[in-house]
Amino acid sequence: MIEIVHIAPGSTAEGLHIRQGDCIVSINREEVRDIIDYQFLVADEHVTIKLLTSGGRTRTVSLDKDPDDRLGLEFAPLSVSRCRNKCIFCFVDQMPRGCRKSLYVKDDDFRASFLYGNYITLGALSEDDWQRIFARRLSPLYISVHTTDPALRASILRNKKAPDIMTSLKRLAAGGIRMHTQIVLCPEINDGPHLQKTLEDLAGLFPAVTSIAAVPVGLTTFRAGLFPLRVFSRSEARTVIDQITRFGALFKKQYGTRLAFASDEFYIKAGVPVPPVSFYEDFPQIENGVGMVADFLRDAGRTRLPSGIEPVTATLVTGVSFSPVLKNALDRLKRVPGLTVRLVTVRNNFFGPSVTVAGLLTGSDIAAALTGKRLGDRVFIPADSLNEDENTFLDGMSLEHLGSLLGVKVQPIRRLRDILTLLRQEGRRTSL
């Protein structure tokens, strides 16, 4: 059973007098073990819910409902299955002390993959897990493949008991489960001919495998005693892009989709312009950093500019990788009379200089980069650098604390248009 931690005001559950602290035991006589069971069973148009109230009584409620009505219930976070691997590139192993506690958790849970898009290796699945995936139709899943060569994959995962990934993927495909796959590429380990074999093997499972993303290994300075790895050079990054683009063109002819994409980091590292928006089709792996730059530039180009604004000066923060892209996009805002936005590129001292993405900036690094500078009326930071639920950075600093350190209002943004939107919401005069 699962405990209810919140009831949405005005929801169906409130009307049924379901209370916070009650537990759902079963729906339509089927046991509810977690949010996966709940979401699947509550989708029926007629449900009978067995509850264990916070007072210890058993209660049953029945109702007819819309299939999309989830009753307005919220539950405690999943207690996720822990990862059994010790991957040579595991980012958790490279974390310094002082970060949020949740960042030190290595999960490999199929439920989190379905619910949140977390990548899993399929190595922690019991037979009961497999049956739940098929019975609850948990599709799509997000799978970390890295290589389809069994021996090499066991070596990368540092797990001699790692199951053969192609056998697992074929079983998912046979069960009607769609998959988004990723390959974390390490130079001279699983690139080159290994990457070619992996791409060919995964493409052979299309349409069950609906996308393949290749992302470069991320390395911090905290690697003492860990497997020796290095980042891709500019020429190696170009080679990866050429290889994946070539296969993408081939897959496009065969399957009607490019299927395989290199992440934006490869293009930035290679110094190669990112492809246009059309290249990324329906952006199947944008949350994995594939097509984010193209999508951002498209949105920036479409942002409707006001003809004027009450004078305001702001500072915009980004990481090293995104800085050139953002600098060009900011040229559009220069056309708005009264608006001045200064760009500050923050280097990552917390994790080390090889970590250049904006999403891994910490509050301490932002504070250090901005202290003593003329910041203007406010500071805009990348929203991806914050934990959305708590508004905290990776180093545990809160957004509020950063603002107090800088002595200016700090606001997170995702797109260039957010700057104008936030200013409008605060009552600044615009003439559209």
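Note that the coordinates shown come from a computational prediction; the quantities given were computed from them, not determined experimentally. (Residues numbered from 1 in each chain as written. Predicted model: local features only at pLDDT ≥ 70, side-chain atom pairs only at ≥ 80, totals over all residues. Heavy atoms only, no water.)

## Details of the packing of helix α7 (residues 193–203) against helix α8 (residues 234–255)
- Contact geometry of α7 with α8 gives a least axis separation of 11 Å together with a crossing angle of 20°. Here α8 runs roughly parallel to α7, going by the angle between their axes. For α7 against α8, the interelement crossing comes out right-handed. Contacts between α7 and α8 pair Leu195, Gln196, Leu199, Glu200 and Ala203 from the former with Gln243, Ile244, Phe247, Phe251 and Tyr255 from the latter.
- Taken together, the residues of the contact of α7 with α8 sort by class into 7 nonpolar, 2 polar and 1 charged. (Axes fitted to C-alpha atoms, helices over the stretch in contact; angles between N-to-C directions. Helix = DSSP H or I, 4+ residues; strand = E, 2+ residues; numbered from the N terminus. Parallel < 35°, antiparallel > 145°, perpendicular 65-115°, else oblique. Left-handed = near helix turned anticlockwise from the far one by under 90°. Contact = heavy atoms within 4.5 Å. Nonpolar A, V, L, I, M, F, W, Y, C, P; charged D, E, K, R; others polar.)

## Focus: helix α11 (residues 323–330)
- Within α11, burial applies to Ser323, Val325, Leu326, Ala329 and Leu330. Relative to the axis of α11, the buried residues are bounded by an arc of 160° and lie together on one face. For α11, the exposed residues lying more than 90 degrees away from the buried face are Pro324, Lys327 and Asn328. (Buried < 20%, exposed > 50% of the residue type's maximum accessible area, 1.4 Å probe, protein only. Arc of directions from axis to C-beta.)

## Re unusual backbone geometry
- Between Ser139 and the following residue, Pro140, the backbone shows a cis peptide bond with an omega angle of 5°.
- Secondary-structure assignment places Pro140 in the loop between α4 (127–135) and β7 (141–144).
- That bond from Phe206 to Pro207 is cis: its omega, 10°, falls within 30 degrees of zero.
- Tracing the chain through its elements places Pro207 in the loop between α7 and β9 (209–216).
- Unusually for a residue other than glycine, His17 sits at a positive phi of about 65°.
- Tracing the backbone through its elements, the reader meets His17 in the loop between α1 (12–15) and β2 (23–27).
- Although it is not a glycine, Glu281 adopts a positive phi angle of roughly 55°.
- Along the polypeptide, Glu281 turns up in the loop between α9 (264–270) and α10 (292–302).

## Description of the state of the cysteines
- Enumeration according to the criterion identifies 0 disulfides in this entry.
- Cysteine Cys83 shares no disulfide, and the gap to the nearest cysteine sulfur, in Cys87, comes to 5.6 Å.
- Its relative accessible area of 23% is what places Cys83 among the partly exposed residues.
- Cys90 takes part in no disulfide bond, and the closest cysteine sulfur, belonging to Cys87, lies 6.3 Å away.
- Since its relative accessible area comes to 14%, Cys90 is described here as buried. (Disulfide = S-S within 2.5 Å.)

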